[in-house]
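Remarks on the overall topology
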Amino acid sequence: MHKTAQVTSPAGWTVGGMAKGAGMLAPGLATMLVVVTTDAVVEAPQLDAALRDATRTTFDRVDSDGCMSTNDTVLLLASGASEVAPEQAEFAEAVRAVCADLARRLIGDAEGASKDIRIDVVNAATEDEAVDVARTISRSNLLKCAIHGEDPNWGRVLSAIGTTSAAFDPDQLDVAINGVWVCRNGGVGEDRELVSMKGREVVITADLKAGRADASIWTNDLTADYVHENSAYSS
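Residues numbered from 1 in each chain as written. Predicted model: local features only at pLDDT ≥ 70, side-chain atom pairs only at ≥ 80, totals over all residues. Heavy atoms only, no water.

Turning next to the pairing of strand β2 (residues 14-20). Among the 7 residues of β2, 5 are classified as buried, and the element is accordingly described as predominantly covered. Here 5 bridges tie strand β1 (residues 4-8) to β2, and the two strands are oriented antiparallel to one another. In the strand pairing of β2, Thr-8 is matched with Thr-14. Between the end of β1 and the start of β2, which pair antiparallel, lie 5 residues, with Gly-12 showing a positive phi angle near 105 degrees. Two elements, β2 and strand β3 (residues 33-38), share 6 bridges in a ladder whose sense is antiparallel. Across the sheet, residue Met-18 finds its bridge partner in β3, namely Val-35. (Buried < 20%, exposed > 50% of the residue type's maximum accessible area, 1.4 Å probe, protein only. Helix = DSSP H or I, 4+ residues; strand = E, 2+ residues; numbered from the N terminus. Pairing = 2+ DSSP bridges.)

So, in structure tokens, the structure goes:
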């Protein structure tokens, strides 16, 4: 699947990007190559700041399978051809939007995936703890298999949260799957039969009730096709 994105400013400058990668996707080190370009007039320090801020909440928060490779690269190149120098905040938001679009497309093209899963952790004590909890949930093979089977198994979400060092009270945790709060205060919540998982996208929300920090991680399900793609060839 082609993975491209573009934002054009009314002022006459554009930010566009393209990405390669689908498997072994856990940025930090991943088989992910991304090139973002702009015709805006932007100096190197401003390019660096915009890209670092964008990747922190986009590429750094997609985690297909927890596996890392050695050629994780995101480049931002500016030609200045438009002869327009944008405000830094507006330019940074355009870069973030392009990166977010590309990161989402990477998950959508993950090897063998049938579900795209967004994990939202809300009301954590700190952003770092929110990211840690979301990433830990995203790497639970038991949960990924359950999502593939369209099973709203909130117990597997709680099990993943319990392996982290984040601040939370087990008797206060709430979990929603596609908007249905199947777990309330660490126990049974709304009827799990109310959860529809027929679509491609699944949203899991974990409310830690420990603070005001939030974070999201995108991942995908674990399928027989993923196992086949990574076992049916010889290296």
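Before going further, it helps to spend a moment on the layout of surface pockets. Of the pockets and cavities examined, the largest pocket occupies roughly 160 Å³. If you trace the largest pocket, you find it lined by Thr-57, Thr-58, Arg-61, Val-62, Arg-96, Ala-100, Ala-103, Arg-104, Ser-216 and Trp-218. At the level of secondary structure, the elements contributing two or more residues to the lining of the largest pocket comprise α2 (88-108) and β10 (213-220). With 4 residues, the top contributor of residues to the lining of the largest pocket is α2. Residues of the lining of the largest pocket, tallied by class, amount to 4 nonpolar, 3 polar and 3 charged. (1 Å grid on protein atoms, 1.4 Å probe; cavity = no way out; pocket = protein on both sides within 12 Å on 5 of 7 lines; lining within 4 Å. Points joined across faces, edges and corners; volume = space filled by probe spheres on them. Nonpolar A, V, L, I, M, F, W, Y, C, P; charged D, E, K, R; others polar.)

On to the pattern of salt bridges, then. Scanning the entire structure with this criterion turns up 18 salt bridges. A salt bridge links Glu-127 to Arg-56; the nearest nitrogen and oxygen atoms lie 2.8 Å apart. Residue Glu-127 is found in helix α3 (residues 127-138), and its partner Arg-56 is found in helix α1 (residues 44-56); the two are separated by 71 residues along the sequence. Note that Asp-63 is salt-bridged to Arg-135, the shortest N-O span being 2.9 Å. With Asp-63 in the loop between α1 and β4 (73-78) and Arg-135 in helix α3, this pair connects stretches of sequence that are 72 residues apart. Pair check on accessibility: Asp-63 and Arg-135 agree, each one buried. Through salt bridges that share partners, Arg-104, Asp-116, Arg-118, Asp-120, Arg-200 and Glu-201 make up one connected network. (Salt bridge = Lys/Arg side-chain N within 4 Å of Asp/Glu carboxyl O.)

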